[in-house]
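Per-entry structural report
Listed here are the chains, written in short residue letters.
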Amino acid sequence: MYPPELIRKEALRRGLRPRTIQTYQKCVEIFFRSCPKEPIQVCKKDIQEFMDKLLEKNAPGNTLNVYLNALKFFYEEVLHKKLTIKIRYSKTAKKLPDFLTKEEMLRLINTIENPKHSLLVRLMYSSGLRVSELLQLKVKDLNLEGNYGWVRNGKGGKDRPFIIAHSLKEELAEYIKCKRPEELLFIGWNSSMYDSSSVRAILTAAAQKAKLTKKVHPHLLRHSFATHLIQNGYSPLEVQPLLGHNNVNTTMVYVHLAAVNLLNVRSPLDSLRG
């Protein structure tokens, strides 16, 4: 019985994403290195002791949750044995995500001299795409006349539309005119798919050149996209489908990020007359 292979087969049957499968496999492998028993011999106490060891090493709440999800999937979905069901999940501290201001975003874009890199970054920001979604785009996924495109098999295995900025239409049309419909929109110098680390490197170099103090990464552009839409007066209900969120409460975080720009409320103390 080899747990990673059992996880892979069951996860593929259930349509889990490759990154999720790899994470589950890795977590379960680490668990069995710490607990050298046959999987069927493992008891709830073994899992609890393993989680306690992670806590002693100051593992953050989200890491604990990933391990619990992986072990829960292996035992409940693969082996059909309930072991982790009563273990309480560690709460993950809620922290507002960072974002670039509009001025910072403009500075970042203006430092990128490579035309393809610039187009890639502007499309990612202007559409709120995850880096994995951006890199999997094909030419046929764009509808320039309609000002939209399609994310295929995005997070959760869903398709969803995304907006295309009017200011990018002509540039995109010129960029794709010699490409085949089935071809990836962005490919590297050796005709292979861009790696997310390459996109991170582009953004890191641009941020340094723009003298930005924030750590700039692909998902920061997505946070900035959503925050700027809220600042521009769009409601969370309008922004939600563009981000692919299942629940509008997930989108509501961007209201908090945009609040400084949206609210012009004076304290009641300022209206008191002595």
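Everything that follows concerns the structure shown earlier in this document.
For clarity, every value in this text was computed on a predicted model and none was experimentally measured.

The next thing to look at is the overall build of the protein chain. Looking only at helices and strands, the protein chain has 13 helices and three strands in total. When each of the 274 residues of the protein chain is scored for burial, the buried share is 43%. When contacts within the protein chain are restricted to residue pairs at least 6 apart in sequence, long-range pairs at least 24 apart make up 62% of them.

Let us now look at unusual backbone geometry. Although it is not a glycine, His80 adopts a positive phi angle of roughly 55°. Here His80 lies in the loop between α4 (61-78) and α5 (102-110). Residue His80 is classed as exposed on the basis of its relative accessible area, which comes to 65%.

If you walk through the whole model with that rule in mind, you get 17 salt bridges. In this structure, Arg8 and Glu5 form a salt bridge, with 2.7 Å as the shortest nitrogen-oxygen distance. Residue Arg8 and its partner Glu5 are both found in helix α1 (residues 3-13); the two are separated by three residues, about one turn of the helix. With relative accessibility at 32%, the residue Arg8 sits in the partly exposed group. Taking the relative accessible area as the measure of exposure, Glu5 reaches 27% and is therefore partly exposed.

Checked against the element boundaries, Glu183 lands in the loop between α8 (169-176) and α9 (196-209). Glu183 gets classed as buried once you look at its relative accessible area, which sits at 17%. Here the side chain of Glu183 touches Lys179 through a polar contact of 3.4 Å, side chain to side chain. In contact with Glu183, not counting residues within four places along its chain, are Leu137, Lys138 and Val139.

This paragraph deals with the sheet that holds strand β2 (residues 148-151). Within the open sheet, the three strands sit side by side as β1-β2-β3. Their pairing is antiparallel. Of all strands in the sheet, those bounded by a partner on one side alone are β1 (142-143) and β3 (160-163). As paired strands, β1 and β2 are joined by two bridges and run antiparallel to one another. Its bridge partner being in β2, Leu142 is matched across the sheet by Gly149.

Looking now at the packing of α1 against helix α2 (residues 18-34). At a minimum axis separation of 9 Å, α1 and α2 run at an interaxial angle of 155°. Classed by the angle they form, the pair α1 and α2 counts as roughly antiparallel. Of the two elements, α1 crosses α2, and the hand of that crossing is right-handed. Counted together, Pro3, Pro4, Glu5, Ile7, Arg8, Ala11 and Leu12 of α1 and Ile21, Tyr24, Gln25, Val28, Glu29 and Phe32 of α2 form the full contact between these two elements. Classifying every residue of the contact of α1 with α2 gives nine nonpolar, one polar and three charged.

Before going further, it helps to examine the packing of aromatic side chains. By convention here, two paired aromatic rings are described through the distance between centres and the angle between planes. Inspection of the entire model under this criterion finds eight aromatic pairs. A ring pair is formed by Phe32 and Phe74, whose centres lie 6.0 Å apart and whose planes are at 85°; its orientation type is edge-to-face. Of this pair, Phe32 sits in helix α2 while Phe74 sits in helix α4, placing them 42 residues apart in sequence. Comparing Phe32 with Phe74, the two get one shared label, buried.

Here the focus is α1. All of the buried residues in α1 are Pro3, Pro4, Ile7, Glu10 and Ala11. In an axial view of α1, the angular spread of the buried residues amounts to 135°, which keeps them on one side of the axis. In this structure, the buried side of α1 is in contact with α2 and α4. Note on α1: the residue one or two positions beyond its end, Gly15, has a positive phi of about 75°.

Let us look at the nonpolar core. With 49 residues, the main nonpolar core has Leu108, Leu134, Val216 and Leu221 as its most contacted residues. Those elements that place two or more of their residues in this core are α5, α6 (115-127), α7 (131-135), α8, α9, α10 (218-231), α11 (236-243) and α13 (253-262). Within the second largest apolar cluster, 25 residues are counted, among which are Phe31, Cys35, Ile47 and Phe73.

The rules we used
- Residues numbered from 1 in each chain as written.
- Predicted model: local features only at pLDDT ≥ 70, side-chain atom pairs only at ≥ 80, totals over all residues.
- Heavy atoms only, no water.
- Helix = DSSP H or I, 4+ residues; strand = E, 2+ residues; numbered from the N terminus.
- Buried < 20%, exposed > 50% of the residue type's maximum accessible area, 1.4 Å probe, protein only.
- Contact = heavy atoms within 4.5 Å.
- Salt bridge = Lys/Arg side-chain N within 4 Å of Asp/Glu carboxyl O.
- Polar contact = N/O pair within 3.5 Å; in protein donor to acceptor, adjacent residues only side chain to side chain.
- Pairing = 2+ DSSP bridges.
- Axes fitted to C-alpha atoms, helices over the stretch in contact; angles between N-to-C directions.
- Parallel < 35°, antiparallel > 145°, perpendicular 65-115°, else oblique.
- Left-handed = near helix turned anticlockwise from the far one by under 90°.
- Nonpolar A, V, L, I, M, F, W, Y, C, P; charged D, E, K, R; others polar.
- Phe/Tyr/Trp six-rings, centres within 6.5 Å; stacked < 30°, edge-to-face > 60°.
- Arc of directions from axis to C-beta.
- Core = buried A, V, L, I, M, F, W, Y, C linked by side-chain atoms within 4.5 Å.

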